[in-house]
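Structure at a glance
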Amino acid sequence: MNTLCVTRAIKVLKYLHRTVPENVPRSSLLALGKLPPRVLSTLHAGGDLRSVIDDPELRKWLAANPVPVPKASVPDPLFHGSLVFVRITYNRPSQPPFSINAADVQTALNYASLAGGPIQRYASQYGPNSVAVSSNILAFNVDLQGNNFADDDVQGWVDRIVDNNHLTNACIVILHDALAANSPVNTDASGNVGGYHLCTDNGHPYCFCNVFGQNLTVADTNNRYAEILSHEIAEMTVDPKGDVNNPEVCDGCAGNCNNDQFDLFDSNGTFIGGTNTPSTASGFTFFINSIIRPDAYDPNTECAVAGSDLQAVCIYAPPVAWNGQGDLTTVNNIVSLAGHFSTGDQRHLVVVGTTQGKIHEIFWKPAQQGIEGQDDLPVGFGAGLIVSIATMYNSDQQRHVVVVGKTDGKVHEIFWKPETVGIEGHDDLPVAFTPGSIVAVSGLYNSDEQRYVVLVGTTAGKVHEIFWKDTTVGVKGHDDLPVPFAPGSIVGVTGFYNSDQRRYVVVVGTRAGKLHEIFWKDDTIGVEGHDDLPVSFGSDSIAALSGFYDQGKQRHVVIVGTKDGRVHQVYWKATTVGIEANSTVTQFSAHSIVSLAGFYSASDQIEHIVVGLANGLLRELWVKQDV
């Protein structure tokens, strides 16, 4: 059965009832409710209003005050809370009480407990969120005067359920057996309507989901409920307020757009591909209705952008979910930080540059609780002199290298081995920039050529490459990369070495909120190529940037901290067309991210993010990628 989600249509109706002025007859608004859901849901697109609306006053008002367009760049917060399943018993005159089978509600709860993880990860493309599932199924009785009810009734029930059970941060999930002969009818969700999600006037989100059959299973190969339930949970997660601002993220991969697509998962929650017909697929434990990629969402149609690969924009692995934040230590007055993993002594190393001109070293071993040690390096700079720092690890010499970009236009190198007491040495590199021109520095080590490479982004819009070997006196060479940016546009630079492709990758963050990738090999004259990655964070949004190469997954990973406090991950392989994922890892308070470091530890195949906050706290997140 091809079912529809009517959320957007109901949202538009409620929005118009709240906003249309009193001089427009209420009868005209009531007539809107008889329009097909697809017409209602796309009223924002304009078109020939005369063909769908009789009242000239209403047409005139709508032409001047179009319904807001939902956007993939979500303006309102996503859901953080728990799904609470409720089994409703309907009491009606001269009829026996009716309720959905209790075992079927339990099956749906078990399904949601599995599906919640992937849904949360897919929804992270739209913003930070969390989805838990309460293990308790609540019972609730309602009295009907006849055999019908409407969404206004449902809203009242939801408010009472929340109040009676003292629930907080909850989304009420109501399953309704739509096929049973004696089932009452929700007049706002009848016929081929699968369900909808909304929010009561008191701010309580809920999902109403029709179920088309009994004796449900988690796999639901006959698709009696799983598509509808996952669809509404996912869309509620992205739009818990249930208004016209946030997008409907499943419609583009569902019956609303004639593009039914489903993601398949095994018993461990691992993505194993997709299908458009679960009944013919095999080897999966559960499926969910696909969530459209944000860059493929067309707000005018709520479907995929014209010309899209309709399967590819829906069926793809969910973004990686990072483990929760852990405190490392506190370093006051952070300016910049960087880090790497030392294979020689199996230690993570993070260095922090401060406004006092200090370089603070922090180190710890894998799986260690807290940190092993910390101290200032015995190299002092003047107060306010440090602009940006970078680290490299020479895996051949087992040597740590820290590079400091300074306000005087100098780039300073500090180096030592793990067993060194203090440091081995330090000095300015023999490459000078105009004072005040250095914006950011990054560094990488090419283990194939045993070469250090330092990248310096400047206020002139240049990215300058400096390179040398351990045996080099001074540096071997330096020059601007042949990729210019507008003066004042560079806000961050990160670089890393793809040891499998033997390729340098540089990503430049710009004031426009873009990430520009530049790549080349050692024997390349100039560069191989460069282009903006298909992501955008908004003008003047990027606060910090870091990147690394994950050898285990052969994946380029860029971590972006934005001024709204979000930490984003963007990753792709050398062979990927575009990118694999762009999602939110976590969120801090606005304007709290000062700097961050991202690195990969090959010995345990774990990716790390260390975030330096304005209050001096260093927080670490980590993940061992499973996709």
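For the structure, check the block above.
Residues numbered from 1 in each chain as written. Predicted model: local features only at pLDDT ≥ 70, side-chain atom pairs only at ≥ 80, totals over all residues. Heavy atoms only, no water.

1. Here we look at helix α5 (residues 102-123)
Helix length check: α5, at 22 residues, gives a terminal C-alpha distance of 29 Å against a target of 32 Å (1.5 Å per residue), a fit within 8%. The residue sitting at the N-terminus of α5 and contributing the capping side-chain oxygen is N101; that oxygen lies 2.7 Å from the backbone nitrogen of A103. (Helix = DSSP H or I, 4+ residues; strand = E, 2+ residues; numbered from the N terminus. Expected span 1.5 Å × (residues − 1). Polar contact = N/O pair within 3.5 Å; in protein donor to acceptor, adjacent residues only side chain to side chain.)

2. Concerning the layout of surface pockets
Here the largest pocket defines a volume of roughly 1100 Å³. Contributing to the lining of the largest pocket are 49 residues, with G339, T391, G443, G495 and G547 lying nearest its centre. Those elements that provide at least two residues to the lining of the largest pocket are β15 (334-342), β19 (386-394), β23 (438-446), β27 (490-498), β31 (542-550) and β35 (593-601). For the lining of the largest pocket, the element with the highest residue contribution is β23, accounting for 8 residues. A breakdown of the residues in the lining of the largest pocket according to their chemical character gives 29 nonpolar, 20 polar and no charged. If you trace the second largest pocket, you find 29 residues lining it, with S73, Q125, P294, S536 and N582 closest to the centre. When residues of the lining of the second largest pocket are traced back to their parent elements, those giving at least two are β30 (529-536), β33 (566-572) and β34 (581-587). Residues of the lining of the second largest pocket, tallied by class, amount to 12 nonpolar, 10 polar and 7 charged. (1 Å grid on protein atoms, 1.4 Å probe; cavity = no way out; pocket = protein on both sides within 12 Å on 5 of 7 lines; lining within 4 Å. Points joined across faces, edges and corners; volume = space filled by probe spheres on them. Nonpolar A, V, L, I, M, F, W, Y, C, P; charged D, E, K, R; others polar.)

3. Here's the deal with the packing of α5 against helix α7 (residues 226-238)
For any two helices packed against each other, the geometry comes down to the angle between their axes and how far apart the axes lie. Contact geometry of α5 with α7 gives a least axis separation of 10 Å together with a crossing angle of 45 degrees. The angle between α5 and α7 places the two elements in the oblique class. Remark: the crossing between α5 and α7 carries right-handed chirality. When α5 is examined against α7, the residues A108, Y111, A112, I119 and A123 are found in contact with a partner set consisting of A226, L229, S230, I233, A234, T237 and V238. Split by residue class, the contact of α5 with α7 holds 10 nonpolar, 2 polar and no charged. (Axes fitted to C-alpha atoms, helices over the stretch in contact; angles between N-to-C directions. Parallel < 35°, antiparallel > 145°, perpendicular 65-115°, else oblique. Left-handed = near helix turned anticlockwise from the far one by under 90°. Contact = heavy atoms within 4.5 Å.)

4. Remarks on the state of the cysteines
For the structure on display, the rule yields 2 disulfides. Across the disulfide from C257 sits C303; the S-S distance is 1.9 Å. Between C257 and C303 the sulfur-sulfur dihedral comes to about -90 degrees; the bridge is accordingly left-handed. Of this pair, C257 sits in the loop between α7 and β11 (262-265) while C303 sits in the loop between β13 (286-289) and β14 (326-330), and the two are 46 residues apart along the sequence. Exposure remark for C257: the relative accessible area of 14% places this residue in the buried category. For C303, a relative accessible area of 14% puts it in the buried group. Here C209 stays free of any disulfide, with the sulfur of C207 as its closest cysteine sulfur at 5.4 Å. Distance from the sulfur of C250, which forms no disulfide, to the nearest cysteine sulfur (C253) is 7.0 Å. (Disulfide = S-S within 2.5 Å. Buried < 20%, exposed > 50% of the residue type's maximum accessible area, 1.4 Å probe, protein only.)

5. Regarding the sheet that holds strand β18 (residues 373-376)
Spatially, 4 strands are ordered β15-β16-β17-β18 in an open sheet, and the strand pairing comes out antiparallel. In this open sheet, the two edge strands, each paired with only one partner strand, are β15 and β18. Sheet twist, expressed as the mean angle between neighbouring strand axes with direction ignored, is 15 degrees. Pairing of strand β17 (residues 359-364) with β18, which is carried by 4 bridges, proceeds in the antiparallel orientation. In the strand pairing of β18, E361 is matched with D375. (Pairing = 2+ DSSP bridges.)

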